[in-house]
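Next come the chains, spelled out residue by residue.
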Amino acid sequence: MISRPQLISQIKQKKSFLCVGLDTDIEKIPSFLKEYPDPVFEFNKRIIDATKDLCVSYKPNSAFYESRGLKGWQSLIDTWKYLPVDCLNIIDAKRGDIGNTSDMYAKAFLDESATGMSFDAITVSPYMGNDTVKSYLAYPGKWVILLALTSSAGSKDFQYLTTEHGFLYETVIQKANTWAGDDRMMFVVGATKSTEFANIRKIAPNNFLLVPGVGAQGGNLADVCQYGMTKDCGLIVNASRSIIYASNGEDFAEAARAEALKIQQEMQMELEKAGVI
Ligand SMILES: O=c1ccn([C@@H]2O[C@H](COP(=O)(O)O)[C@@H](O)[C@H]2O)c(=O)[nH]1
């Protein structure tokens, strides 16, 4: 379990706020790994070994594991067990349902005694409201990361609808911040929405933001930092495909490290510029 002070301390120590996304698609991993009993776990293990000193977080996206049935769940459990204790481990599951169903989703990803895995944080959809979120907050010390302004083009369909408190995504942030403090609540804000970060900081001055969308989706890290960084950093920036699929050959882990290092070096510059380190 990683608390807010521990997360901030890791960011300062590692001079990084990188989250490596483990969106591991069995069709995309190097073919020589297919000889291993669990090629997906073997791939993740080598990616983790190659990047763990450069990042503060890992984020397996549950879709890539669920879509493989029983084998996928086993890869996810084994990956969770292998994740370094000093990194915030996030399950990107984007769940949301009525209370008793949310209780089961929470159990699935947060209760080690039930399923063999207990992530530090889980992504949750806000659409169904407070009872969607309460189930996860019932687990002491666990983080809820609520979808606010996503990186997707379709974010305009609902998230920018106007409400009496501004855009719908702003209402989500304001309301959710009454459900839990900034030691338990984070928000997803896409890197592709960098112009909105200054606005978001007015209503979420201290919350950590999970920022996907750099790398493969074209978001700009410097812009995200300019408008979104706080005195504690306040950002966890995810990159998945650009790191884990940097090479498809025997050198895939080294290539992933080189890609992660490039991002970490840029992050170090941004942390220095903002006076965080
Ligand atoms: O708004 C969102 C919310 C979540 N994601 C997830 O982040 C990663 C991004 O992967 P890349 O390969 O770096 O594009 C992936 O798991 C998405 O499901 C997002 O992209 N945008």
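These numbers come from a predicted model, not from an experiment.

1. Examining the overall build of the protein chain
And then number 1: Of regular secondary structure, the protein chain possesses 13 helices and ten strands.
And then number 2: Here the C-alpha atoms of the protein chain give a radius of gyration of 18 Å, agreeing with the 19 Å that 2.2 N^0.38 yields for 277 residues.
And then number 3: With the C-alpha coordinates aligned to their principal axes, the bounding extent of the protein chain is approximately 55 × 45 × 35 Å.
And then number 4: Taking all 277 residues of the protein chain together, the buried fraction comes to 47%.
And then number 5: Here the contacts in the protein chain between residues at least 6 apart in sequence split such that 70% fall between residues at least 24 apart.

2. Structural notes on the site of the ligand
And then number 1: The local shell around the ligand holds 19 residues, among which Thr-150, Ser-151, Pro-212, Ser-240 and Arg-241 are the closest.
And then number 2: Contributing elements (two or more residues each) for the shell around the ligand: β10 (235-239) and α12 (241-244).
And then number 3: Across the shell around the ligand, the residue classes tally to four nonpolar, twelve polar and three charged.

3. Points about the UniProt feature "domain: Orotidine 5'-phosphate decarboxylase" (unreviewed entry) in the protein chain
And then number 1: Listed under "domain: Orotidine 5'-phosphate decarboxylase" (unreviewed entry) in the UniProt record, and renumbered for this structure, are residues 17-256.
And then number 2: In the segment residues 17-256, helix accounts for 38% and strand for 19%; the C-alpha atoms at its two ends are 16 Å apart.

4. Some remarks on helix α5 (residues 99-110)
And then number 1: Under the 1.5 Å per step criterion, the end-to-end length of α5 is 16 Å for twelve residues, consistent within 8% with the ideal 16 Å.
And then number 2: Within α5, burial applies to Ser-102, Ala-106, Phe-109 and Leu-110. In an axial view of α5, the angular spread of the buried residues amounts to 80 degrees, which keeps them on one side of the axis.

5. Points about the sheet that holds β10
And then number 1: What the eight strands build is a closed barrel, ordered β1-β2-β3-β4-β5-β8-β9-β10; its pairing is parallel. With strand direction ignored, the average angle separating the axes of adjacent strands in the sheet is 30 degrees.
And then number 2: In this structure, strand β9 (residues 209-211) lies alongside β10, joined through three bridges in parallel fashion. Within the sheet, the bridge partner assigned to Leu-210 lies in β10 and is Ile-236.
And then number 3: Most of the contacts of helix α9 (residues 168-176) go to strand β5 (residues 143-149), to which it runs at about 155 degrees, and overall it touches β5 and β8 (185-189).

6. A short note on the environment of Asp-23
And then number 1: On the secondary structure map, Asp-23 appears in the loop between β1 (18-22) and α2 (39-51).
And then number 2: With 20 C-beta atoms counted inside 10 Å, the residue Asp-23 sits in the buried group.
And then number 3: Separated by 50 residues in sequence, Asp-23 and Trp-73 place their C-alpha atoms 14 Å apart.
And then number 4: Setting aside residues no more than four positions away along its own chain, Asp-23 makes contact with Asn-61, Phe-64, Ser-240, Arg-241 and Ile-244.

7. Structural notes on the confidence of the model for the protein chain
It should be kept in mind that the predicted coordinates are not to be read in detail where pLDDT is low.
And then number 1: Put simply, the protein chain has an average pLDDT of 97, and 100% of its residues get 70 or more.
And then number 2: Reported confidences for the modelled complex are a pTM of 0.98 and an ipTM of 0.99.

8. Some details on the environment of Asp-120
And then number 1: Looking at the secondary structure, you find Asp-120 in the loop between α6 (112-115) and β4 (121-124).
And then number 2: Given 22 C-beta atoms within 10 Å, Asp-120 falls into the buried group.
And then number 3: Apart from the residues lying within four places of it in its own chain, the contact partners of Asp-120 are Met-1, Ile-2, Leu-88, Asn-89, Ile-90, Lys-142 and Trp-143.

9. Some remarks on α9
And then number 1: Listed as buried for α9 are Tyr-169, Glu-170, Val-172, Ile-173 and Ala-176. Here the buried residues of α9 occupy an arc of 155 degrees about the axis, which is enough to place them on one side.
And then number 2: Considering only its buried residues, α9 is in contact with α7 (130-137), β5, β7 (166-167), β8 and α10 (197-203).

Calculation rules
- Residues numbered from 1 in each chain as written.
- Predicted model: local features only at pLDDT ≥ 70, side-chain atom pairs only at ≥ 80, totals over all residues.
- Helix = DSSP H or I, 4+ residues; strand = E, 2+ residues; numbered from the N terminus.
- Rg over C-alpha atoms; globule rule 2.2 N^0.38 Å.
- Buried ≥ 20, exposed ≤ 12 C-beta atoms within 10 Å, placed from the backbone.
- Contact = placed C-beta atoms within 7 Å.
- Near = placed C-beta within 6 Å.
- Nonpolar A, V, L, I, M, F, W, Y, C, P; charged D, E, K, R; others polar.
- UniProt positions renumbered as here; feature names shortened; annotations may be inferred.
- Expected span 1.5 Å × (residues − 1).
- Arc of directions from axis to C-beta.
- Pairing = 2+ DSSP bridges.
- Axes fitted to C-alpha atoms, helices over the stretch in contact; angles between N-to-C directions.
- pLDDT = per-residue confidence, 0-100.

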